[in-house]
Amino acid sequence: SQQGEEDPQALSIQEGENATMNCSYKTSINNLQWYRQNSGRGLVHLILIRSNEREKHSGRLRVTLDTSKKSSSLLITASRAADTASYFCATDGPGANKLVFGAGTILRVKS
Amino acid sequence: SQTIHQWPATLVQPVGSPLSLECTVEGTSNPNLYWYRQAAGRGLQLLFYSVGIGQISSEVPQNLSASRPQDRQFILSSKKLLLSDSGFYLCAWSVMAVLKTQYFGPGTRLLVL
């Protein structure tokens with residue numbers, strides 16, 4: 001079964017607004033990552049947060065992690081039309097050589 | 001710097017025909033390699049991963065197989081394609097052990113008719 005589950009499945013906002021996407025997972029993790037995928041392209045790594053971290057920033061991205069609730073959120077501030085893409089969270093597990101990806105959130109930023 | 005290549009970019013194949021998709025990585029040694037399939041508008045399904053030459057782990061029983069004949073080459077194959085094999089196939093690599101961040105190729109869109 002999937003480890004990460006994102007919500008909402010789709011999000012449509014106006015340029016300049018903030019976009020928040022959430023991810024829940026089921027088992028213990030070493031870290032949680034967020035990836036972005038433009039339509040018809042490969043995924044691009046955005047940010048990684050370790051299990052002992054609560055918040056991390058990178059440019060307009062802010063990621064939070066609550067291991068007690070087994071959830072994470074990705075906030076994109078001051079969104080741009082170019083942020084239109086699908087966003088996936090991915091989790092690992094102890095000793096695992098692989099990541100498990102959620103179903104993704106489709107973000108559309110209207111200009 | 002590291003780069004990952006996949007080809008072809010698009011492929012249309014008849015049902016029952018064979019398949020061979022190739023993925024190569026440059027600029028790194030002994031990477032973990034991964035094959036994923038993505039149905040339209042859906043998440044990624046891990047098909048196979050490899051931690052070394054000749055070492056393949058299969059995640060989902062299916063009509064496909066994978067091979068790693070060289071350190072930086074990963075091949076996805078099928079002897080007879082099914083309609084359900086249609087999808088977007090992504091190859092990825094990661095540095096063994098560390099943070100497991102994966103780096104993806106551009107993908108191959110396969111349509112089986």
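Residues numbered from 1 in each chain as written. Chains lettered and ligands numbered in written order. Predicted model: local features only at pLDDT ≥ 70, side-chain atom pairs only at ≥ 80, totals over all residues. Heavy atoms only, no water.

Draft legend 1. Structural view of the overall build of chain B. Helix and strand counts for chain B stand at zero helices and 11 strands. For 113 residues, the compact-globule estimate of 2.2 N^0.38 gives 13 Å, and the C-alpha radius of gyration of chain B, at 13 Å, lies within 12% of that figure. Summarising its shape, the C-alpha atoms of chain B cover approximately 40 × 25 × 20 Å along the three principal directions. Scored against the burial criterion, the 113 residues of chain B give a buried share of 48%. Of the contacts formed within chain B by residues at least 6 apart in sequence, a portion of 55% connects residues at least 24 apart. A total accessible area of about 5,300 Å² is found for chain B, and carbon and sulfur atoms account for 56% of it. Computed over 8 positive and 5 negative side-chain charges, the separation of the two mean positions in chain B equals 7 Å. (Helix = DSSP H or I, 4+ residues; strand = E, 2+ residues; numbered from the N terminus. Rg over C-alpha atoms; globule rule 2.2 N^0.38 Å. Buried < 20%, exposed > 50% of the residue type's maximum accessible area, 1.4 Å probe, protein only. Contact = heavy atoms within 4.5 Å. Areas by Shrake-Rupley, 256 points an atom, 1.4 Å probe, with all protein chains shown as cover. Lys, Arg positive; Asp, Glu negative; His and termini not counted. Charge placed at Lys NZ, Arg CZ, Asp CG, Glu CD.)

Draft legend 2. Representation of a nonpolar patch on the surface in the model. On the surface, B:Val12, B:Leu111 and B:Leu113 cluster together to form a nonpolar patch covering roughly 280 Å² of accessible area. On the basis of relative accessibility, which here comes to 59%, the residue B:Leu113 falls in the exposed class. (Patch = residues over 30% accessible without salt bridge, like charges linked within 9 Å, V, L, I, M, F, W, Y side chains within 5 Å. Salt bridge = Lys/Arg side-chain N within 4 Å of Asp/Glu carboxyl O.)

Draft legend 3. Just the state of the cysteines, in detail. Residues and elements named next belong to chain A. All told, the structure shown has two disulfides over all chains when counted by the stated rule. What pairs with Cys23 in a disulfide is Cys89, and their sulfur atoms sit 2.0 Å apart. Sign of the S-S torsion, about 70° for the bond between Cys23 and Cys89, identifies this disulfide as right-handed. Placement of the pair is Cys23 in strand S3 (residues 19-24) and Cys89 in strand S9 (residues 85-91), with a sequence separation of 66 residues. Taking relative accessible area as the criterion, Cys23 reaches 2% and is therefore assigned buried. (Disulfide = S-S within 2.5 Å.)

Draft legend 4. Up close: the nonpolar core. A:Met21, A:Leu32, A:Trp34, A:Leu74, A:Ile76, A:Tyr87 and A:Leu107 are the most contacted members of the largest nonpolar core, which has 21 residues in total. With near-sequence residues (within four places) excluded, A:Leu74 lies in contact with A:Ala19, A:Thr20, A:Met21, A:Trp34, A:Leu46, A:Leu61, A:Arg62, A:Val63 and A:Tyr87. If you look at the next biggest cluster of nonpolar residues, it comprises 20 residues, including B:Phe48, B:Leu76, B:Leu110 and B:Val112. (Core = buried A, V, L, I, M, F, W, Y, C linked by side-chain atoms within 4.5 Å.)

Draft legend 5. Structural view of the sheet that holds strand S3 (residues 19-26) of chain B. All names here are of chain B. Strand order in this open sheet of four strands is S1-S3-S8-S7, and the pairing throughout is antiparallel. Edge positions in the sheet fall to strand S1 (3-7) and strand S7 (65-70), since each of these pairs with one other strand and no more. The average undirected angle you get between the axes of adjacent strands in this sheet is 20°. The pairing of S7 with strand S8 (residues 73-78) spans four bridges and is antiparallel. Counterpart to Ser65 in the pairing with S8 is Ser77. (Pairing = 2+ DSSP bridges. Axes fitted to C-alpha atoms, helices over the stretch in contact; angles between N-to-C directions.)

Draft legend 6. Region of the structure containing the environment of A:Thr84. Residue and element names in this part refer to chain A. When you line up the elements, Thr84 lands in the loop between strand S8 (71-76) and S9. Thr84 gets classed as partly exposed once you look at its relative accessible area, which sits at 33%. Taking the C-alpha atoms as reference points, Thr84 and Leu11, 73 residues apart in sequence, are found 9.8 Å from one another. Beyond its immediate stretch of four places on either side in the chain, Thr84 contacts Arg36, Asn38, Leu107, Arg108 and Val109. Here Ala81 takes part through its backbone oxygen, which lies 2.9 Å from a polar atom of the side chain of Thr84. (Polar contact = N/O pair within 3.5 Å; in protein donor to acceptor, adjacent residues only side chain to side chain.)

Draft legend 7. Representation of the sheet that holds strand S7 (residues 61-66) of chain A in the model. Residue and element names in this part refer to chain A. Strand order in the open sheet made by the five strands is S1-S3-S8-S7-S6, with antiparallel pairing throughout. Looking at which strands have only one partner, the edges of the open sheet turn out to be strand S1 (5-7) and strand S6 (55-58). For this sheet, the mean inter-axis angle between neighbouring strands, taken without regard to orientation, is 20°. Sheet topology places S3 next to S8; six bridges connect them, and they run antiparallel. Looking at the pairing, Asn22 lines up with Ser73 of S8.

Draft legend 8. Highlighting the packing of aromatic side chains. Considering all chains together, one arrives at nine aromatic pairs over all chains under this definition. Cluster of aromatic residues (ring-pair linked, three or more members): A:Tyr35, A:Phe101, B:Tyr34, B:Tyr36, B:Tyr49 and B:Phe104. (Phe/Tyr/Trp six-rings, centres within 6.5 Å; stacked < 30°, edge-to-face > 60°.)

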